[in-house]
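Summary of structural features
Listed here are the chains, written in short residue letters.
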Amino acid sequence: MLLSVLLGIPVSLACFFFVGLQHQLQHWVWTSLPEAVGYRVPPWWWPLPTLLLAGLVLAPIVTRMPGAGGHLPVNGLGGTPVGPRELPGTVLAALATLPLGVVLGPEAPLMAVGSGLALLAVRRVAADADARASAIVATAGSTAAISTILGGPLVAAVLLVEGAGLGGARLVALLLPCLLASGTGALVFTGFGQWTGLKIGALALHEVPPNVGPDAGDFLWGVPTAVLIAVLVTLARALGRRTVSYTRHRTAVRTLLCAVAVGGCVTAYALITGRDPAEAALSGQATLAQIAAHPHAWSVGALVALVACKGLAWGIALGGLRGGPIFPAVLLGTATAMACSGLPGFGATPALGLGIAAAATAVTGLPLAGSVLAVLLIGGDAYEQMPLIVIASVVAFVVAQVMPRTVRRHRAEETPRAPGTADATGAAQ
């Protein structure tokens with residue numbers, strides 16, 4: 001526990017400057033540079049060269065550097081902790097591509113930075129450290145890294161508890177060091193943010209629609225909306241898995257093609273709506289805050305175009321590029337719910353809460369973490385929305401779990417079998 005606190009300070013400092021640098025590079029690419037060449041906002045064609053550059057930078061990192069630039073975002077936030085040897089490639093891939101408009105978030109690279117630095121420190125201090133102790137320290141480093149970017153140490157702790165699937169003494173042994181590390185990380189992020197004035201682009205909603213308690217109409221429309229969000233997220237992840245198969249061969253060329261395809265989707269959004277292409281590019285924190293603060297400034301057509309274009313780009317990026325999957329999913333869920341909020345009896349505030357919760361649950365498979373994230377983001381107005389938020393999380397979890405199994409079963413049933421062969425589905429069962 002003491003080691004986790006001590007490690008939480010340097011890990012959080014490194015992650016703070018990592019996120020601050022990424023945010024500054026993003027501002028330069030999408031705000032300062034367009035203004036310098038005479039555009040108030042980026043023109044519709046802006047994502048094409050930026051994503052082409054992202055692909056050109058990422059391709060050699062994926063094929064030549066240890067760790068291939070980090071784990072694939074279609075696999076979620078789990079997986080083996082990133083070690084010190086794989087850390088440089090992961091950091092370089094994130095800093096070089098996320099600011100250029102890759103439709104992914106910073107949470108997975110941050111966790112990699114936290115675990116890699118923690119493991120490096122443990123190996124420096126004790127070369128023969130116990131494997132289980134090293135795993136706990138690596139997890140504590142990851143938790144400290146994302147403690148603020150996801151809204152605070154509470155969300156990180158809930159993600160840990162629900163994702164670990166442990167109980168009793170084993171859970172306590174893991175939870176206490178991670179809580180201490182995440183609390184230390186949040187304190188460092190807050191203090192350095194005030195001292196330096198740097199913005200880190202954390203997932204936060206500074207304004208939300210006026211609070212209106214959910215009624216029968218909100219539940220009537222909210223449950224089908226949660227189902228729709230879970231279906232969209234699941235379909236995008238299925239596209240990501242197909243993209244993984246596509247990039248497995250001729251990886252460098254096809255990674256570049258994936259980046260170009262993402263740029264084409266973002267460009268299509270700008271051409272269809274006439275709006276800023278940055279709304280569909282990047283991770284989605286800024287666009288999420290805009291929709292939450294001014295939901296009526298977005299037409300239903302613009303929200304549908306955002307879901308379609310960004311959803312397609314996100315699905316491709318999940319399997320071909322590098323980054324985190326949660327932030328874009330939360331934006332897609334929110335945009336879908338807000339597009340449905342014009343239905344009779346469906347309010348904007350209930351739609352906002354259930355959109356965040358359903359999307360976060362569908363992409364992580366963690367309904368409790370999705371509910372807590374939605375409640376913390378909405379803030380003081382979330383108390384009355386909690387029943388709808390919880391129901392949306394459960395519905396999205398069930399749909400996201402059942403849908404892939406149903407698709408696999410139908411495919412197995414439709415696969416022709418030669419006479420006399422065994423039933424592959426029955427054998428697998």
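You'll find the structure just up there.
Report follows, based on the coordinates. Small disclaimer: the values here were computed from a predicted structure and weren't measured.

A few points about the overall build of the protein chain
- For the protein chain, the helix and strand inventory stands at 16 helices and zero strands.
- For the protein chain, with 429 residues in total, the buried portion stands at 51%.
- Taking the intrachain contacts of the protein chain between residues at least 6 apart in sequence as the baseline, contacts between residues at least 24 apart amount to 78%.
- Carbon and sulfur atoms provide 66% of the accessible area of the protein chain, an area that totals close to 18400 Å².

Here's the deal with the nonpolar core
- The biggest cluster of nonpolar side chains holds 111 residues, and the ones touching the most others in it are Trp314 and Leu321.
- Not counting residues within four places of it along the chain, the set of residues in contact with Leu321 comprises Leu58, Leu72, Pro73, Val102, Leu104, Thr255, Cys258, Ala259 and Val262.

Concerning a nonpolar patch on the surface
- A surface patch of nonpolar side chains, about 570 Å² in accessible area, is lined by Val37, Tyr39, Trp44, Trp45, Leu48 and Leu271.
- The residue Leu48 is located in helix α2 (residues 47–64) in this model.

Points about α2
- A rise of 1.5 Å per residue sets the reference length of α2, with its 18 residues, at 26 Å; its end C-alpha atoms lie 26 Å apart and thus fit the reference within 8%.
- Along α2, the residues classified as buried are Pro47, Thr50, Leu51, Ala54, Gly55, Leu58, Ala59, Ile61 and Val62.
- Taken together, the buried residues of α2 touch α1 (2–36), α3 (87–97), α9 (251–273) and α11 (300–320).

Description of the packing of aromatic side chains
- On inspection of all chains with the given rule, the structure shows three aromatic pairs.
- Between Tyr39 and Trp45, the ring centres sit 6.1 Å apart and the planes meet at 80°, which makes this aromatic pair edge-to-face.
- The exposure class of Tyr39 is partly exposed, given its relative accessible area of 34%.
- Overall, the relative accessible area of 31% leaves Trp45 in the partly exposed class.
- Residues Trp45 and Trp46 carry aromatic rings whose centres are separated by 5.6 Å and whose planes lie at 45° to one another, so their mutual orientation is tilted.

Structural notes on unusual backbone geometry
- Of note in this structure, Ala68 is not a glycine but carries a positive phi near 55°.
- With respect to the helices and strands, the residue Ala68 is situated in the loop between α2 and α3.
- The partly exposed category is assigned to Ala68, whose relative accessible area is 24%.
- In the Ramachandran plot, Leu282 falls in the positive-phi region, its phi being about 65° despite a non-glycine side chain.
- Within the secondary structure layout, Leu282 lies in the loop between α9 and α10 (285–293).

Things to note about the packing of α11 against helix α12 (residues 326–340)
- Their axes nearest at 9 Å, the elements α11 and α12 cross at an angle of 155°. The orientation of α11 relative to α12 falls into the category roughly antiparallel. The hand of the α11/α12 crossing is left-handed. For the pair α11 and α12, contact is made by Val300, Leu303, Leu306, Val307, Lys310, Gly311 and Trp314 and by Pro328, Ala329, Leu331, Leu332, Ala335, Thr336, Met338 and Ala339, respectively.
- Residue composition of the contact of α11 with α12, grouped by class: twelve nonpolar, two polar and one charged.

Focus on the side chain of Thr234
- Within the element layout of this structure, Thr234 appears in helix α8 (residues 216–247).
- For Thr234, the contacting residues outside a window of four places in its chain are Arg241, Ala400, Met403 and Pro404.

Structural notes on the side chain of Ser393
- Mapping Ser393 onto the fold places it in helix α15 (residues 386–414).
- Ser393 sits in the buried class, given a relative accessible area of 1%.
- Not counting the four nearest positions on each side in its chain, Ser393 is found in contact with Ala357, Thr361, Pro367, Gly370 and Ser371.

Overview of the packing of α8 against α11
- With their axes 6 Å apart at the nearest point, α8 and α11 run at an angle of 40° to one another. In this view, α8 runs oblique relative to α11, as classed from their interaxial angle. Crossing of α8 against α11: the hand is right-handed. Seen from α8, the contacting residues are Leu232, Val233, Ala236, Arg237, Leu239, Gly240, Thr243, Val244 and Thr247; seen from α11, they are Val307, Gly311, Leu312, Trp314, Gly315, Ile316, Leu318, Gly319 and Gly320.
- Of the residues in the contact of α8 with α11, the class split is ten nonpolar, seven polar and one charged.

Remarks on the environment of Trp221
- Mapped onto the fold, Trp221 is located in helix α8.
- With 122 residues separating them along the chain, Trp221 and Leu343 place their C-alpha atoms 7.7 Å apart.
- The contacts of Trp221, once residues within four sequence positions are left out, are Leu343, Pro344, Gly345 and Phe346.
- A polar side-chain atom of Trp221 sits 2.6 Å from the main-chain carbonyl oxygen of Pro344.

Examining the environment of Gly355
- Along the polypeptide, Gly355 turns up in helix α13 (residues 348–364).
- With near-sequence residues (within four places) excluded, Gly355 lies in contact with Ile229, Gly333, Thr334 and Ala337.

Rules and cut-offs
Residues numbered from 1 in each chain as written. Predicted model: local features only at pLDDT ≥ 70, side-chain atom pairs only at ≥ 80, totals over all residues. Heavy atoms only, no water. Helix = DSSP H or I, 4+ residues; strand = E, 2+ residues; numbered from the N terminus. Buried < 20%, exposed > 50% of the residue type's maximum accessible area, 1.4 Å probe, protein only. Contact = heavy atoms within 4.5 Å. Areas by Shrake-Rupley, 256 points an atom, 1.4 Å probe, with all protein chains shown as cover. Core = buried A, V, L, I, M, F, W, Y, C linked by side-chain atoms within 4.5 Å. Patch = residues over 30% accessible without salt bridge, like charges linked within 9 Å, V, L, I, M, F, W, Y side chains within 5 Å. Salt bridge = Lys/Arg side-chain N within 4 Å of Asp/Glu carboxyl O. Expected span 1.5 Å × (residues − 1). Phe/Tyr/Trp six-rings, centres within 6.5 Å; stacked < 30°, edge-to-face > 60°. Axes fitted to C-alpha atoms, helices over the stretch in contact; angles between N-to-C directions. Parallel < 35°, antiparallel > 145°, perpendicular 65-115°, else oblique. Left-handed = near helix turned anticlockwise from the far one by under 90°. Nonpolar A, V, L, I, M, F, W, Y, C, P; charged D, E, K, R; others polar. Polar contact = N/O pair within 3.5 Å; in protein donor to acceptor, adjacent residues only side chain to side chain.

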